[in-house]
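These are the residues of each chain, in order.
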Amino acid sequence: MHLVTPAAHRRAAFLELAADYEAAGELRYASALQDFDAYVRRLEAGRRGDGLPHGWIPEATFWLASKGALLGCARLRLGLSPQLEYEGGHIGYDVRPSMRRRGHGTTLLRLVLIEARALAIERVRITCDDDNFGSIRVIERNGGVLADMGVSEASGKPLRQYWIG
Ligand SMILES: CC(C)(COP(=O)(O)OP(=O)(O)OC[C@H]1O[C@@H](n2cnc3c(N)ncnc32)[C@H](O)[C@@H]1OP(=O)(O)O)[C@@H](O)C(=O)NCCC(=O)NCCS
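Residues numbered from 1 in each chain as written. Predicted model: local features only at pLDDT ≥ 70, side-chain atom pairs only at ≥ 80, totals over all residues. Heavy atoms only, no water.

Of the regular secondary structure elements, the protein holds 6 helices and 7 strands. Its helices and strands in sequence order give the protein the pattern β-α-α-α-β-β-α-β-α-β-α-β-β, from N to C terminus. Expressed along its principal axes, the backbone C-alpha trace of the protein runs to roughly 40 × 35 × 30 Å. Here the protein holds 165 residues, and the buried ones make up 47% of them. (Helix = DSSP H or I, 4+ residues; strand = E, 2+ residues; numbered from the N terminus. Buried < 20%, exposed > 50% of the residue type's maximum accessible area, 1.4 Å probe, protein only.)

The ligand sits among 20 residues. The nearest are R101, G103, T106, N132 and R137. At 2.8 Å from a nitrogen atom of the ligand is found a main-chain nitrogen or oxygen belonging to Y93. Of all elements in the fold, only β4 (91-95), α5 (104-118), β5 (124-129) and α6 (133-141) reach the threshold of two or more residues within the shell around the ligand. No other element matches α6, which puts 6 residues into the shell around the ligand. (Near = heavy atom within 4 Å. Polar contact = N/O pair within 3.5 Å; in protein donor to acceptor, adjacent residues only side chain to side chain.)

Strand pairing within a sheet occurs via backbone hydrogen bonds; the two strands may be parallel or antiparallel. As summarised here, the arrangement of the 4 strands in space is β1-β2-β3-β4, forming an open sheet in which the pairing is antiparallel. Edge positions in the open sheet fall to β1 (2-4) and β4, since each of these has one partner strand only. On average, adjacent strands in this sheet sit at an angle of 30° to one another, irrespective of strand direction. Both β1 and strand β2 (residues 59-66) contribute to a ladder of 3 bridges, which runs antiparallel. Note on β2: the bridge partner recorded for L3 is L64. (Pairing = 2+ DSSP bridges. Axes fitted to C-alpha atoms, helices over the stretch in contact; angles between N-to-C directions.)

The subject of this paragraph is the packing of aromatic side chains. Counted by the stated rule, this structure contains 7 aromatic pairs. Ring geometry for F14 versus F36: centroids 5.8 Å apart, planes at 35°, classification tilted. Placement of F14 in helix α1 (residues 11-23) and of F36 in helix α3 (residues 36-48) is noted, with a sequence separation of 22 residues between them. Across the pair, exposure class does not vary: F14 and F36 are buried alike. Where F36 meets W63, the ring centres are 6.4 Å apart and the plane angle is 40°; that geometry is what we call tilted. Here W63 lies in strand β2 and F36 lies in helix α3, a separation of 27 residues in the sequence. This pair shows no difference in class: F36 is buried, exactly as W63 is. (Phe/Tyr/Trp six-rings, centres within 6.5 Å; stacked < 30°, edge-to-face > 60°.)

Looking now at the pattern of salt bridges. Applying the stated criterion across every chain yields a total of 13 salt bridges. A salt bridge links R48 to D50; the nearest nitrogen and oxygen atoms lie 2.7 Å apart. Among the ionic pairs, K157 bridges to D131, the shortest N-O distance being 2.9 Å. Residue K157 is found in the loop between β6 (145-151) and β7 (158-164), and its partner D131 is found in the loop between β5 and α6; the two are separated by 26 residues along the sequence. Among the charged side chains, a network of salt bridges with common partners joins E26, R28, R75, D94 and R100. (Salt bridge = Lys/Arg side-chain N within 4 Å of Asp/Glu carboxyl O.)

Nothing here speaks to function; it is geometry throughout.
What follows is the structure in structure tokens.
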């Protein structure tokens with residue numbers, strides 16, 4: 001199991017993953033199903049920081065790959081704004097619905113933390129809703145230490161704010 005970066009030649013594997021989310025009613029990759037090439041171009045621009053609104057931080061996207069299939073996605077922000085430090089953090093991740101609860105979320109975060117260290121991000125902020133039990137386990141199994149609690153602006157729920165490292 002390893003990370004790959006978005007690329008046009010991964011179209012078939014990514015569309016299969018995106019369809020998995022859609023079948024489960026999660027529409028987070030619906031735009032990729034509509035126009036995969038444009039989706040990859042947006043991710044590449046986001047990595048370079050091209051055309052980002054003022055105050056937005058460039059982010060690198062990684063896909064978790066195994067035997068030609070893609071199992072999940074992660075985004076590594078290359079810095080923190082005050083807003084991201086409060087909610088969003090350095091890393092966001094998700095595992096395709098049909099492959100959850102098999103340890104892939106834990107593996108995905110472990111591999112992205114290695115990428116963060118390679119980019120000299122030594123201390124990693126991660127946040128998650130207080131009722132996201134899977135994500136809490138993923139973070140804490142990767143060494144996350146609960147530092148603060150807030151309130152999610154996205155969901156209105158209590159928000160856990162962790163540091164790793
Ligand atoms: C959160 C998420 C990435 C977890 O991925 P995953 O592949 O299921 O994670 P793992 O299999 O590594 O699970 C880690 C631990 O959490 C537990 N867990 C996973 N989902 C759980 C759930 N819904 N409720 C309770 N525990 C859960 C697992 O059983 C495992 O615990 P164990 O080691 O004691 O068995 C996945 O549920 C997901 O993509 N959710 C939607 C997106 C999301 O919430 N992203 C995080 C935003 S902060």
